[in-house]
Structures are given as structure tokens and as C-alpha cells.
Amino acid sequence: MSSMIVISATAVPDHLRGALTRWLLEITPELYVGTVSARVRDELWSAVAACADDGMAVLAHPADNEQGFQLRTAGTRRRVPVDFDGLTLIAFQRESQEMANRL
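Residues numbered from 1 in each chain as written. Predicted model: local features only at pLDDT ≥ 70, side-chain atom pairs only at ≥ 80, totals over all residues. Heavy atoms only, no water.

Caption draft 1: A look at the sheet that holds strand 5 (residues 69-74). A sheet is described by the order of its strands in space; here 5 strands give the open sequence 2-3-1-4-5, paired in antiparallel fashion. What marks the edges here is a single partner per strand, and that holds for strand 2 (25-28) and strand 5. Direction aside, the axes of adjacent strands within the sheet are offset by 20° on average. In this structure, strand 1 (residues 3-10) lies alongside strand 4 (residues 56-62), joined through 5 bridges in antiparallel fashion. Across the sheet, the residue bridging to Thr10 is Met56, located in strand 4. The sheet contacts of helix 1 (residues 14-23) involve strand 1, strand 2 and strand 3 (31-36), and relative to strand 3 the element is tilted by about 40°. (Pairing = 2+ DSSP bridges. Helix = DSSP H or I, 4+ residues; strand = E, 2+ residues; numbered from the N terminus. Axes fitted to C-alpha atoms, helices over the stretch in contact; angles between N-to-C directions. Contact = heavy atoms within 4.5 Å.)

Here's what the structure looks like:
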């Protein structure tokens, strides 16, 4: 069964952006929306995660949970989804905190 997905991919190679536009619409720069099967979604995400080295990527797709969706993230600058009593929250570090931790 097909379902709608949203992928945001920042600072990724041009060849990946081209591959995403074969399956999804690029509605604004670096934001892709479309309706695909779970298998295609997983294959697209594998390609995105493999190429998101210095960038950041987020996939949102429907799921059977309280919020009705699930998030996946990839890349070195990513924010991390954290389960908090059944709700997905986003964890991230500020650059000033990262610099302070390095000292």
C-alpha cells in the first residue's frame, strides 16, 4: 500500500537530489513530497542516508503510533528523534554547547 512521505535533504550531492526527483516532487529546494510504497521509501532512505555525510536528512512517513508518523534522520548535522513516553521529541545540541564540551 502506498503512503505519503516527506524528505528534507540539506547539503547533499546533486546526484542524490536528481535520484529523489525521479520518485518525489521537489516542492521547495531540498524538500521532497510524494506517495510511494514502503519498499520504495526504504530504498530511497537507504540512498539518502548513505549520501548525507556532511549534510542532514529527515524522512517523515505514516506510522501506527500516537502521533501518526515516524521520523528517521541521517547526517552529521542531524537532530535525533527521541521516544518520550510514546511521543517522539527532537534532541539536538547547540554549537556553543559542542564547543564548550570540546574545551
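Caption draft 2: Local environment of the side chain of Thr73. One can find Thr73 in strand 5. Here Thr73 falls in the buried class, since its relative accessible area comes to 14%. Among the polar contacts made by the side chain of Thr73, one reaches the main-chain carbonyl oxygen of Arg79 at a distance of 3.1 Å. What Thr73 contacts, discounting residues up to four positions off in sequence, is Trp45, Ala57, Val58, Arg78, Arg79, Val80 and Pro81. (Buried < 20%, exposed > 50% of the residue type's maximum accessible area, 1.4 Å probe, protein only. Polar contact = N/O pair within 3.5 Å; in protein donor to acceptor, adjacent residues only side chain to side chain.)

Caption draft 3: View of helix 2 (residues 38-51). Under the 1.5 Å per step criterion, the end-to-end length of helix 2 is 20 Å for 14 residues, consistent within 8% with the ideal 20 Å. All buried positions along helix 2 are accounted for by Val40, Arg41, Leu44, Trp45 and Val48. Buried residues in helix 2, looked at end-on, bunch into an arc of 130°, giving them a common side. Residues Arg39, Glu43 and Ala50 are exposed on helix 2 and point more than 90 degrees away from its buried face. On the buried face of helix 2, the contacting elements are strand 1, helix 1, strand 3, strand 4 and strand 5. (Expected span 1.5 Å × (residues − 1). Arc of directions from axis to C-beta.)

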